[in-house]
Amino acid sequence: MVPRRILPHLPSRPTWRCQSCGVAWPCSPAKLRLLAEYRTRRAGLLVYLRALKAEAAEQLAELDSGTPPADLDRRFVNWAIPVL
């Protein structure tokens, strides 16, 4: 049996689906990896996610008659905002 190649949980552009599990990116494993990577730099994580959200909005709009999906803030940024 040939071992299956495991892909990292990264976005596949321009669809913004996870390369590994196929769900909308960032998927749960990607969120966990990002939280760990930016553990002490939450502001940096939010800046990074907002930049990715802008890129995704542009690319997803091109795929869907010029209109990006409405839930991109929730999908890309809101999950990473710390709850006080």
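A.B. asks: Got a sec to walk through the overall build of the chain? Specific residues and values, please.
C.D. replies: Tallying secondary structure elements over the chain gives three helices and two strands in all. Each helix and strand of the chain, ordered N terminal to C terminal, gives the series β-β-α-α-α. Considering the chain as a whole, with its 84 residues, one finds that 27% of them fall into the buried category. Residue pairs at least 24 apart in sequence account for 46% of intrachain contacts in the chain once pairs closer than 6 positions are excluded. Summing over all exposed atoms, the chain offers an accessible surface of approximately 5800 Å²; the carbon and sulfur share of this is 58%. Each charge class in the chain was averaged separately, 13 positive and 7 negative side chains, and the resulting centres sit 11 Å apart.

A.B. asks: Run through the nonpolar core, naming residues and quoting values.
C.D. replies: In terms of nonpolar packing, the biggest core is built from 18 residues, with Trp16, Trp25, Leu34, Leu45, Leu49 and Phe76 touching the most fellow members. Those elements that place two or more of their residues in this core are α1 (28-37), α2 (42-63) and α3 (72-76). The dominant element in this core, judged by the number of residues it contributes, is α2, at seven residues. Once you skip the residues sitting within four places of it in the chain, tryptophan 16 turns out to touch Pro11, Val23, Ala24, Trp25, Leu52, Glu55, Ala56, Gln59, Leu60, Arg75 and Phe76.

A.B. asks: Residues and numbers for the pattern of salt bridges, please.
C.D. replies: Once their charged atoms are close, side chains differing in charge can pair, the charge on each being opposite to the other. Per the stated rule, a full pass over the model turns up four salt bridges. Here arginine 13 ties to glutamate 55 by a salt bridge, and the two come within 2.6 Å at their closest N and O atoms. Here the residue arginine 13 occupies a position in the loop between β1 (11-12) and β2 (17-18), and glutamate 55 occupies one in helix α2, the gap between them amounting to 42 residues. Owing to a relative accessible area of 39%, arginine 13 belongs among the partly exposed residues under this scheme. Of the charged contacts in the structure, one is a salt bridge between aspartate 71 and arginine 74, with a shortest N-O distance of 2.8 Å.

A.B. asks: Quick one: what's the story with the environment of leucine 10, residue by residue and with numbers?
C.D. replies: Locating leucine 10 in the fold gives a position in the segment before β1. Non-local contacts of leucine 10, meaning those with residues more than four positions away in its chain, are made with Arg17, Cys18, Gln19, Trp25 and Arg33.

A.B. asks: Provide a residue-level description of the environment of proline 8, including the pertinent values.
C.D. replies: Checked against the element boundaries, proline 8 lands in the segment before β1. With relative accessibility at 43%, the residue proline 8 sits in the partly exposed group. Spatially, the C-alpha atom of proline 8 lies 9.0 Å from that of cysteine 21, the residues being 13 residues apart in sequence. Setting aside chain neighbours within four positions, we find proline 8 in contact with Gln19 and Ser20.

A.B. asks: Can you tell me about the environment of valine 77, naming the residues and giving the values?
C.D. replies: Secondary-structure assignment places valine 77 in the segment after α3. With residues near it in sequence (within four places) discarded, valine 77 still touches Leu46, Leu49, Arg50, Lys53 and Leu72.

A.B. asks: Could you give an account of the side chain of arginine 75, naming the residues involved and the relevant values?
C.D. replies: Within the element layout of this structure, arginine 75 appears in helix α3. An unpaired buried charge is present at arginine 75: no salt bridge exists, and aspartate 71, the closest side chain of opposite charge, is 5.4 Å distant. Excluding residues that lie within four positions of it along the chain, arginine 75 makes contacts with Thr15, Trp16, Ala24, Trp25, Pro26, Lys31 and Leu60.

Procedures and definitions
- Residues numbered from 1 in each chain as written.
- Predicted model: local features only at pLDDT ≥ 70, side-chain atom pairs only at ≥ 80, totals over all residues.
- Heavy atoms only, no water.
- Helix = DSSP H or I, 4+ residues; strand = E, 2+ residues; numbered from the N terminus.
- Buried < 20%, exposed > 50% of the residue type's maximum accessible area, 1.4 Å probe, protein only.
- Contact = heavy atoms within 4.5 Å.
- Areas by Shrake-Rupley, 256 points an atom, 1.4 Å probe, with all protein chains shown as cover.
- Lys, Arg positive; Asp, Glu negative; His and termini not counted.
- Charge placed at Lys NZ, Arg CZ, Asp CG, Glu CD.
- Core = buried A, V, L, I, M, F, W, Y, C linked by side-chain atoms within 4.5 Å.
- Salt bridge = Lys/Arg side-chain N within 4 Å of Asp/Glu carboxyl O.

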